[in-house]
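# Understanding the architecture of this molecule
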Amino acid sequence: MKRVLSCLLALVLILSITPSAFAAEEPAWDISRSKVATALNENNESTVTLSLPSAEENLNSDVVFILDGSSSANTAVVKDSLALLEELKTATKNSGAAVNVCVVKFKRRAFKSDWYDLSNNFDAIKNAMKTKYSGGTNIHAGLLAGKEALDQHDGVSADRKYLILISDGSTYLYSKDGNWASDTPFTRSYRPKEPYSSFAGGYWDNGWYEPNNHPDVNVPRPKTTSDVDAWQKYLNDVKARNERVNSEGKTGDAYDYHCEYDLNFNQGKPSADFKSQPCEPRTANNRDMAFYYANEAWNTIKDSGYHAYSIATADGSAGAGNADDSHCFMNYLNDGASLDFDAIKKEIIYAVGAGSQVEDKMGSAFDLVPGTFQLTVGGKALTCIQNGNTYSFGDDAKSDRFVIIYNEGNDSFTWTINENVSNFAPVQLSYKVKLTNSSTTAGTYEVATNEYARLTPKGSTGVVRETLEFDIPKVTYTISETAKPTDLPKTGDNSSLALWFVLLLVSGGAITAT
């Protein structure tokens with residue numbers, strides 16, 4: 001009978017856990033872009049300009065590195081981080097853009113550096129990355145400190161804020177009170193107070209009891225996959241286990257206590273607020289909660305519109321197979337993908353990649369003026385070579401960096417981008433349109449210069465993204481009356497009668513741009 005009840009409970013548990021209950025809303029993938037038009041001139045022409053990224057956008061960027069306090073200090077990780085910054089420094093040279101860098105190191109607590117200007121504080125950034133800390137692992141604290149840093153600069157758009165987490169993922173402490181700088185973060189234990197064990201509340205607390213060994217009633221922690229659905233089911237289950245009232249009439253939160261690292265692990269003595277939770281299957285251990293809180297902080301960062309990346313490093317101390325879940329968790333944070341520094345570098349430096357296209361169709365009231373295309377990169381004009389309705393823009397090294405093909409039949413063009421576009425050197429394409437279909441009735445009119453303009457972007461890694469619409473600019477013009485009823489000729493005055501009839505025929509109006 002007990003076995004039947006256990007099976008029923010497991011079935012109810014599986015059906016009740018939905019990934020959406022704990023998943024963060026994934027912000028729409030966006031690209032900075034703009035499209036503007038000048039007022040009509042005396043020839044009823046307007047200059048339209050498309051920009052990637054937006055011409056109005058502040059090019060300043062924030063980058064936060066969150067590194068494990070000791071294990072990453074003298075590894076290739078620091079060298080790779082610095083190499084990324086060197087390339088970012090080169091990419092932003094002469095752009096007028098400031099790149100601000102903050103370094104967060106974490107062990108049982110987080111240590112947040114000042115903000116450094118990449119262009120002139122490279123040595124300070126390097127020293128911050130190489131500083132060592134020891135004792136415990138609390139990814140949650142690192143993420144809290146990293147988000148606090150990104151929140152500081154109101155003048156930098158969320159889309160230009162980047163967070164890079166570098167860790168082996170073997171976390172077991174958490175800062176549930178939000179105090180990432182506290183030297184006594186939280187943990188919990190199944191081990192008894194007497195006799196006290198220095199394993200209590202640490203990475204190996206599960207040596208006493210492991211709730212994830214009860215798949216009949218729990219969703220165990222994934223050890224061989226970074227699949228998003230699998231991890232969200234597990235994390236949802238951790239939340240449910242922690243909120244469950246146990247045999248002592250308490251939830252999991254009642255058993256959290258402050259970890260005093262030296263006292264607990266070096267001296268082998270319990271914290272003053274130590275307590276032991278009952279060894280019951282539907283409970284969550286300290287590592288479960290550490291993953292839960294780290295994931296919650298990660299979701300908050302993503303929900304803020306910031307870019308967040310996770311790089312998994314090897315755990316050199318847990319032993320073969322003992323940290324597989326940690327490594328899988330780090331890649332789960334990237335939606336199941338394994339990232340490297342090269343992929344992240346491209347995401348930061350480039351707005352769109354080679355192969356991206358823009359389709360632009362003129363509005364019904366306008367015609368494109370042939371031969372008026374101009375293109376600049378970072379403010380520098382490229383040479384245009386026209387061959388019929390094909391316009392190639394480039395330089396001596398490459399003549400077709402950008403190619404425009406004009407379709408005369410429906411008054412539209414396709415703009416193909418054949419190189420990665422830098423976030424720090426905007427590409428601007430401009431052309432002229434002429435108002436050819438205006439109203440004949442007196443009044444002021446607002447008309448769209450284009451019917452649509454659509455960007456189909458490729459990421460710098462070659463992945464095709466969702467099509468994005470540009471804003472459609474509008475211009476105004478006015479039709480004014482040139483004759484009024486009060487201007488009628490007087491009786492007997494035939495001198496201007498013929499002229500009056502001519503004026504009457506053309507009194508449809510005159511165009512005045514506004």
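Please refer to the structure placed before this passage.
Residues numbered from 1 in each chain as written. Predicted model: local features only at pLDDT ≥ 70, side-chain atom pairs only at ≥ 80, totals over all residues. Heavy atoms only, no water.

What follows is about the sheet that holds strand 17 (residues 390-394). Ordered by their spatial adjacency, seven strands build an open sheet running 16-17-18-19-12-23-24, and the pairing between neighbours is antiparallel. A single partner strand is all that each edge strand has here, and the edge strands are strand 16 (383-387) and strand 24 (468-469). Relative to strand 19 (residues 412-417), strand 12 (residues 357-362) runs antiparallel, the two being bridged by five bridges. Residue pairing across strands places Gln-357 opposite Thr-416, the latter belonging to strand 19. (Pairing = 2+ DSSP bridges. Helix = DSSP H or I, 4+ residues; strand = E, 2+ residues; numbered from the N terminus.)

In terms of strand pairing, strand 14 (residues 374-377) meets strand 21 (residues 427-435) through four bridges, oriented antiparallel. Opposite Gln-374, over in strand 21, you have Ser-430 as the bridge partner. Hairpin remark: strand 14 followed by strand 15 (residues 380-381), antiparallel, with two residues in the connecting loop; positive phi at Gly-378, about 60 degrees.

Now for the pairing of strand 4 (residues 99-106). Strand 4 sits mainly inside the fold: eight of its eight residues count as buried. What you see with strand 4 is no split at all: Val-99, Val-101, Val-103 and Lys-105 on one side and Asn-100, Cys-102, Val-104 and Phe-106 on the other are buried throughout. In terms of strand pairing, strand 3 (residues 61-68) meets strand 4 through eight bridges, oriented parallel. The partner of Ile-66 across the bridge, within strand 4, is Val-104. (Buried < 20%, exposed > 50% of the residue type's maximum accessible area, 1.4 Å probe, protein only.)

Another aspect to go through is the environment of Glu-210. Relative to the assigned elements, Glu-210 resides in the loop between strand 8 (186-187) and helix 5 (228-243). Separated by 10 residues in sequence, Glu-210 and Pro-220 have C-alpha atoms that sit 9.9 Å apart. Only 2.9 Å separates the side chain of Glu-210 from the side chain of Asn-206, close enough to count as a polar contact. At 3.1 Å, the side chain of Glu-210 and the side chain of Asn-285 are in polar contact. (Polar contact = N/O pair within 3.5 Å; in protein donor to acceptor, adjacent residues only side chain to side chain.)

So, about the pattern of salt bridges. According to the stated counting rule, one finds 24 salt bridges in the structure shown. A salt bridge links Asp-288 to Arg-221, with the shortest nitrogen-to-oxygen separation between them at 2.6 Å. One end of the pair, Asp-288, is in helix 7 (residues 286-303); the other, Arg-221, is in the loop between strand 8 and helix 5, and 67 residues separate them in sequence. For Arg-221, a relative accessible area of 7% puts it in the buried group. Asp-325 is the salt-bridge partner of Arg-287, the closest N and O atoms lying 3.2 Å from each other. Note that Arg-287 is positioned in helix 7 and Asp-325 in helix 8 (residues 324-332), a separation of 38 residues in sequence. Each member of the salt-bridge network shares a partner with another, and the members are Arg-221, Asp-237, Arg-241, Arg-282, Arg-287, Asp-288 and Asp-325. (Salt bridge = Lys/Arg side-chain N within 4 Å of Asp/Glu carboxyl O.)

Enumeration according to the criterion identifies 21 aromatic pairs in this entry. Arranged with centres 5.4 Å apart and planes meeting at 55 degrees, the rings of Trp-231 and Phe-329 form a pair that is tilted. Within this pair, whereas Trp-231 is found in helix 5, its partner Phe-329 is found in helix 8, the two being separated by 98 residues in sequence. Each member of the pair, Trp-231 together with Phe-329, is buried. Ring centres of Tyr-257 and Phe-274 lie 4.9 Å apart, and the angle between their planes is 65 degrees; on these two criteria the pair is classed as edge-to-face. With Tyr-257 in strand 9 (residues 257-258) and Phe-274 in the loop between helix 6 (261-266) and helix 7, the pair connects residues that are 17 residues apart, well separated along the chain. Overall, the relative accessible area of 7% leaves Phe-274 in the buried class. (Phe/Tyr/Trp six-rings, centres within 6.5 Å; stacked < 30°, edge-to-face > 60°.)

On to the side chain of Glu-280, then. Mapped onto the fold, Glu-280 is located in the loop between helix 6 and helix 7. Here Glu-280 falls in the buried class, since its relative accessible area comes to 14%. In this view, Glu-280 contacts Tyr-209, Arg-244, Asn-246 and Ser-247; residues no more than four positions away in its chain are not counted. (Contact = heavy atoms within 4.5 Å.)

A few words now on helix 4 (residues 139-150). Over its 12 residues, helix 4 extends 17 Å from the first C-alpha to the last, a length consistent with the 16 Å expected when each residue adds 1.5 Å. Burial runs high along helix 4: 10 of the 12 residues are buried. Within the span of helix 4, buried status applies to Ile-139, His-140, Ala-141, Gly-142, Leu-143, Ala-145, Gly-146, Lys-147, Ala-149 and Leu-150. Those residues of helix 4 that are buried lie in contact with strand 3, strand 4, strand 5 (110-112), strand 7 (161-167), helix 7 and helix 8. (Expected span 1.5 Å × (residues − 1).)

Attention shifts here to helix 5. In this model helix 5 runs 23 Å from its N-terminal to its C-terminal C-alpha over 16 residues, within 8% of the 22 Å that 1.5 Å per residue would give. For helix 5, the set of buried residues is Trp-231, Gln-232, Tyr-234, Leu-235, Asn-236, Asp-237, Val-238, Arg-241 and Asn-242. The distance from a side-chain oxygen at the start of helix 5 to the backbone nitrogen of Asp-229 is 3.2 Å, and the residue carrying that oxygen is Asp-227.

A few words now on the environment of Ile-405. Relative to the assigned elements, Ile-405 resides in strand 18 (residues 402-407). Given the relative accessible area of 47%, Ile-405 is considered partly exposed. Each C-alpha atom of the pair Ile-405 and Asn-389 lies 5.8 Å from the other, and the pair is 16 residues apart in sequence. Among residues more than four places away in sequence, those in contact with Ile-405 are Asn-389, Thr-390, Ser-412, Phe-413 and Thr-414.

With that out of the way, let us pick up unusual backbone geometry. Along the chain, Leu-52 connects to Pro-53 via a cis peptide bond; the corresponding omega equals -10 degrees. Secondary-structure assignment places Pro-53 in the loop between strand 2 (45-52) and strand 3. The omega torsion of the bond from Glu-194 to Pro-195 falls at -10 degrees, within 30 degrees of zero and hence cis. Secondary-structure assignment places Pro-195 in the loop between strand 8 and helix 5. With a phi close to 60 degrees, Asp-335 is a non-glycine residue in the positive phi region. Its place among the elements puts Asp-335 in the loop between helix 8 and helix 9 (341-349).

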